[in-house]
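Residue strings, one per chain:
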Amino acid sequence: MATCQNCNYKWTKKSIWKLGFSKNGAICTNCGQKQFISFETKILMTLVDLLPIVGVVALFLYPWYVKLSNFEEGK
Ligand SMILES: [Zn+2]
């Protein structure tokens, strides 16, 4: 499960989903630090886009494999 890179707080599935739909990152509910989806997760999500069958499974597992970052990466 994704943890905040600033305070190591474990994000709830709901917060992670919110972050997934936000291009500008999301605030950690524990420390207030803005977190972004890490570059490697973005690459993974791009691969998922190319393989729709994998995508359905990946979408379901998304809160478990997503990693957070203190910075907006790979812009
Ligand atoms: Zn935090």
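Up top is the structure.
Description of the structure in this document. Bear in mind the structure is a predicted one, so any value in this text is a computation, not a measurement.

## Notes on the overall build of the protein
1) Next: When you go through the protein residue by residue, the secondary structure sums to 3 helices and 3 strands.
2) Next: The order of helices and strands in the protein, counted from the N terminus, is α-β-β-α-α-β.
3) Next: Computed over its C-alpha atoms, the radius of gyration of the protein comes to 12 Å, within 12% of the 11 Å expected for a compact globule of 75 residues.
4) Next: For the C-alpha atoms alone, the extent of the protein along its principal axes is close to 35 × 25 × 15 Å.

## Observations regarding the nonpolar core
1) Next: Within the largest apolar cluster, 10 residues are counted, these being A2, C4, W11, I16, L19, C28, F36, I37, V66 and L68.
2) Next: Taken together, the elements giving at least two residues each to this core come down to helix 1 (13-21) and strand 2 (34-37).
3) Next: Discounting residues that sit within four places of it in the chain, I16 has contacts with A2, W11, P63 and V66.

## Focus: helix 3 (residues 52-65)
Quick reminder: α-helices carry 3.6 residues per turn. Residues three or four places apart thus point the same way.
1) Next: Where helix 3 bends most, the angle comes to about 50°, and this point is L59, followed within four residues by the proline P63.
2) Next: With 0 of its 14 residues buried, helix 3 lies for the most part at the surface.

## With respect to helix 1
1) Next: Residues of helix 1 that are buried include every one of S15, I16 and L19, and no others. Down the axis of helix 1, the buried set is contained in an arc of 100°. They therefore lie on one face. Within helix 1, the exposed residues directed more than 90 degrees away from the buried face are K13, K14 and F21.
2) Next: Of the surrounding secondary structure, the elements contacted by the buried residues of helix 1 are strand 1 (26-27), strand 2 and helix 3.

## Notes on the sheet that holds strand 3 (residues 68-69)
1) Next: Pairing within the open sheet is antiparallel, and its 3 strands lie in the order 1-2-3. Edge positions in the open sheet fall to strand 1 and strand 3, since each of these has one partner strand only.
2) Next: The pairing of strand 2 with strand 3 spans 2 bridges and is antiparallel. The residue of strand 3 that forms the bridge with F36 is S69.

What counts and what doesn't
Residues numbered from 1 in each chain as written. Predicted model: local features only at pLDDT ≥ 70, side-chain atom pairs only at ≥ 80, totals over all residues. Helix = DSSP H or I, 4+ residues; strand = E, 2+ residues; numbered from the N terminus. Rg over C-alpha atoms; globule rule 2.2 N^0.38 Å. Core = buried A, V, L, I, M, F, W, Y, C linked by C-beta atoms within 7 Å. Buried ≥ 20, exposed ≤ 12 C-beta atoms within 10 Å, placed from the backbone. Contact = placed C-beta atoms within 7 Å. Bend = angle between axes of the 7 residues up to and from the residue. Arc of directions from axis to C-beta. Pairing = 2+ DSSP bridges.

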